[in-house]
Amino acid sequence: MIYLLFVLLLLLLIIIIYIENLDLLCPPSIICAMWLFSTICAIYNVDKWNIHLSFETLFLIITGISTFSIGFFCFYRTPIKTITLKKKAKNFNYISLQEISVNWIIIWILIFLGVITIFFQLNWIFKISDSDSWLDMMWSYRKYNSTWRTTSLISKPSFIVDLEFLLRVDSLFTSYIGVNNIIVTQKKRYFLLFIPGILYSIDTLLNAGRGNILLYLGGVVLAIYVIAGQKYSWKKKRTIKFVKWFVLAGVLLLLLFSTSRTLVGRIDSSNIIDYITSYVGGSIQLFDLYVKNPIPKSTIWGKETFAPFIIWLGNKLHKPEWIYLTHLEFRSSNGVEIGNVYGTFRYYLQDFGFLGMLILTLFSSFFFAILYKKIKKRKFYPSDGYNWFIFFYMIYGPALFMHPISDYTYSFLC
């Protein structure tokens, strides 16, 4: 059955690319391609995990992706009436792109704050750790201290939390300006605008994680794709050339992802291919195991889908039952522990059932259709050069790359 899933996903991807006129990184193309990649990784482990995919799992995955794709196409092609903006000509220019002015004093202040953030985070880690070994220190951090947001066993200083949030916003915003100005002007000095992004990646590693680095890089990739598309009028040859470089960069990123496991306290001696295919392909088998043996429903409405909002609300309203760990249950297959990565559809099914899965998927397709349409079909641009829709796409768009791993669409919106 898993081979049938591979064939159906491949055919679906070809259909999407054909309908979207070779727009290889439009939202439905990304989601379908990532699920296809996860399936390929699962096939690599088919004997190791003894995979026997059920028809129900295949049906849910294909139906979910098809629902998103059909919803996206319908919303993207539906004419949307907008209120005419009565702005003076000096405020808007009918040009595709232009250089965004940069206040370098502010940029260097932000870089300094980023360095300070890393210093305080590193000092905090040393303060709460009893180990001298970096691997042991990060392993201990992951096991006991990475849940500081939802437990009272450890309290991370609020000023560090605020500095880290500022660094995340700075990294995305300066990277957006950097991508725009490099594509428009080809000036190398704008590469300095990626320093906050590098500092944010370091801070992510110091928090014993790598997921946020992938999300950040995904946002940068999407920004490059849409801004270059605007500059070159979305020419097919340019699009295909970009995707080739994107695939190459993706391979290098996966290699770095594997080799960096010890930096974040992961003790795993498997080779690179086994590690990557297990991490990426595990969601297929784990989702199938969940479908065959689901966990009991929670009494908390939207517990998995809207977890960040519920936890925040629980802290505000002092409701302990609403403050919980978001980690999903770990599962094993054929005597091998795979993990707790189930893909986006698991969250919707667990909280709202099959109909809820379709509705939430449609809502997310509507959101990305509107956002993508605002980017690709926009005819006027502010005179200062900012296109805020691209910046928002950098924030929310990476959820598309993570679709077969976890739900980030609604957690970001929360």
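Residues numbered from 1 in each chain as written. Predicted model: local features only at pLDDT ≥ 70, side-chain atom pairs only at ≥ 80, totals over all residues. Heavy atoms only, no water.

Visitor: Mind showing me how you'd approach the overall build of the chain here?
Guide: What the chain contains, in helices and strands, is 15 helices and four strands. Looking at the chain as a whole, 49% of its 414 residues qualify as buried. Counting contacts in the chain only where the partners sit at least 6 residues apart, residues at least 24 apart contribute 77% of the total. A total of about 21000 Å² of accessible surface is found on the chain, and carbon and sulfur atoms cover 67% of it. (Helix = DSSP H or I, 4+ residues; strand = E, 2+ residues; numbered from the N terminus. Buried < 20%, exposed > 50% of the residue type's maximum accessible area, 1.4 Å probe, protein only. Contact = heavy atoms within 4.5 Å. Areas by Shrake-Rupley, 256 points an atom, 1.4 Å probe, with all protein chains shown as cover.)

Visitor: Explanation requested: the environment of V102 in the structure shown.
Guide: Relative to the elements of secondary structure, V102 occurs in the loop between β1 (92-93) and α4 (104-128). Separated by 72 residues in sequence, V102 and T174 place their C-alpha atoms 9.4 Å apart. Residues within four places of V102 in sequence aside, it is in contact with I107, I177, N181, Y190 and L193.

Visitor: What is the right way to look at the packing of helix α1 (residues 2-19) against helix α3 (residues 55-77) in this model?
Guide: The relative placement of two packed helices comes down to the angle between their axes together with the axis-to-axis distance. At their nearest, the axes of α1 and α3 sit 10 Å apart, and the two run at 5° to each other. By the angle between their directions, the pair α1 and α3 is classed as roughly parallel. In this structure, α1 contributes L4, L5, L8, L9, L12, I16 and I19 to the contact, and α3 contributes L58, I61, I62, I65, S66, S69, F73 and R77. Class assignment of the residues belonging to the contact of α1 with α3 gives a composition of twelve nonpolar, two polar and one charged. (Axes fitted to C-alpha atoms, helices over the stretch in contact; angles between N-to-C directions. Parallel < 35°, antiparallel > 145°, perpendicular 65-115°, else oblique. Nonpolar A, V, L, I, M, F, W, Y, C, P; charged D, E, K, R; others polar.)

Visitor: Explain a positive patch on the surface to me, please; I cannot follow it from the model alone.
Guide: Together, K231, K235, R238 and K241 make up a region of like positive charge exposed at the surface. Tracing the backbone shows K231 in helix α8 (residues 211-231). Among the residues examined, K231 registers a relative accessible area of 30% and is labelled partly exposed. (Patch = residues over 30% accessible without salt bridge, like charges linked within 9 Å, V, L, I, M, F, W, Y side chains within 5 Å. Salt bridge = Lys/Arg side-chain N within 4 Å of Asp/Glu carboxyl O. Lys, Arg positive; Asp, Glu negative; His and termini not counted. Charge placed at Lys NZ, Arg CZ, Asp CG, Glu CD.)

Visitor: Looking at this structure, I do not really get the confidence of the model for the chain. What am I missing?
Guide: In low-pLDDT segments, the atomic positions of the prediction should not be examined closely. Per-chain confidence: the chain averages 85 in pLDDT, with 86% of residues scoring 70 or above. Mean pLDDT across the elements of the chain ranges from a minimum in β1, with 52, to a maximum in helix α2 (residues 27-44), with 95. Per-residue pLDDT stays below 50 along residues 82-89; that stretch engages in four contacts with residues further than four places along the chain or on separate chains. Counting contacts from residues 148-153, a segment whose pLDDT is below 50, to residues more than four positions away or on other chains yields ten contacts. (pLDDT = per-residue confidence, 0-100.)

Visitor: Got a minute to help me understand the nonpolar core in this structure?
Guide: Among soluble globular proteins, nonpolar side chains are generally buried collectively. Formed by 100 residues in total, the largest nonpolar core has its most connected members in I65, Y176 and Y393. In terms of residues, this core owes the most to one element, helix α12 (residues 344-376), which gives twelve residues. Filtering out sequence-adjacent residues up to four positions away, I65 remains in contact with L9, L12, I31, C32, W35 and F345. (Core = buried A, V, L, I, M, F, W, Y, C linked by side-chain atoms within 4.5 Å.)

Visitor: Explain the environment of Y190 to me, please; I cannot follow it from the model alone.
Guide: With respect to the secondary-structure elements, Y190 resides in the loop between α6 (158-185) and α7 (195-206). Along the sequence, Y190 and G178 sit twelve residues apart, while their C-alpha atoms lie 5.3 Å from each other. Dropping the residues within four chain positions of it, Y190 is found in contact with E99, I100, V102, W104, G178, N181, I182 and T185. One polar contact links Y190 to R189, side chain to side chain, over a distance of 3.3 Å. (Polar contact = N/O pair within 3.5 Å; in protein donor to acceptor, adjacent residues only side chain to side chain.)

Visitor: I would appreciate a short explanation of α4 in the present structure.
Guide: Structural remark: α-helix, 3.6 residues per turn; residues separated by three or four positions point the same way. The end-to-end C-alpha distance of α4 is 36 Å, a good match for the 36 Å that 25 residues give at a rise of 1.5 Å each. The set of residues buried in α4 consists of I107, L110, I111, G114, T117, I118, Q121, W124 and I125. Where α4 begins, one side-chain oxygen reaches toward the backbone nitrogen of I105, 3.1 Å away; that side chain belongs to N103. (Expected span 1.5 Å × (residues − 1).)

Visitor: Explain the side chain of E164 here, please?
Guide: Positionally, E164 belongs in helix α6. One polar contact links E164 to N207, side chain to side chain, over a distance of 2.9 Å. Those residues within four positions of E164 in sequence are excluded, and the remaining contacts are T117, Q121, K156, D203 and N207.

Visitor: Would you explain unusual backbone geometry in this entry?
Guide: For N21, which is not glycine, the phi dihedral falls at a positive 55°. Non-glycine residue H318 carries a positive phi angle of around 60°.

Visitor: Before we go on, may I ask you to explain the pairing of strand β3 (residues 336-339) in this structure?
Guide: Every regular strand shows the same layout, with side chains that alternate between the two sheet faces. Bridge count for strand β2 (residues 331-333) against β3 is three bridges, and the pairing is antiparallel. From the neighbouring strand, S333 faces β3, where its bridge partner is V336. The turn joining β2 and β3, which pair antiparallel and follow one another in sequence, is formed by two residues; a positive phi near 60° is taken by N334. (Pairing = 2+ DSSP bridges.)

Visitor: What am I meant to see in the packing of aromatic side chains here?
Guide: Describing an aromatic ring pair means giving the distance of the ring centres and the angle of the ring planes. A complete count under the given rule lists 34 aromatic pairs for this structure. Ring geometry for F55 versus F59: centroids 6.4 Å apart, planes at 25°, classification stacked. With F55 and F59 both in helix α3 and four residues apart, this pair spans about one turn of that helix. Judged by relative accessible area, F59 falls into the partly exposed class, the value being 39%. Seen in terms of ring centroids, F72 and Y372 are 6.2 Å apart; in terms of plane orientation they differ by 50°. Their pairing is tilted. (Phe/Tyr/Trp six-rings, centres within 6.5 Å; stacked < 30°, edge-to-face > 60°.)

Visitor: Would you explain the pattern of salt bridges in this entry?
Guide: Note on pairing: side chains with opposite charge can pair once their charged atoms come close. Tallied over the entire structure, the rule returns seven salt bridges. One salt bridge connects R346 with E304, and the closest N-O pair in it is separated by 2.8 Å. Of this pair, R346 sits in helix α12 while E304 sits in the loop between α10 (272-292) and α11 (307-317); the two residues are 42 residues apart in sequence, bridging distant segments of the chain. In this pair, the class of R346 matches that of E304, namely buried. Between R346 and E329 there is a salt bridge; the shortest N-O distance is 2.8 Å. In this pair, R346 is assigned in helix α12 and E329 in the loop between α11 and β2, connecting sequence segments 17 residues apart. Through salt bridges that share partners, E304, E329, R331 and R346 make up one connected network.

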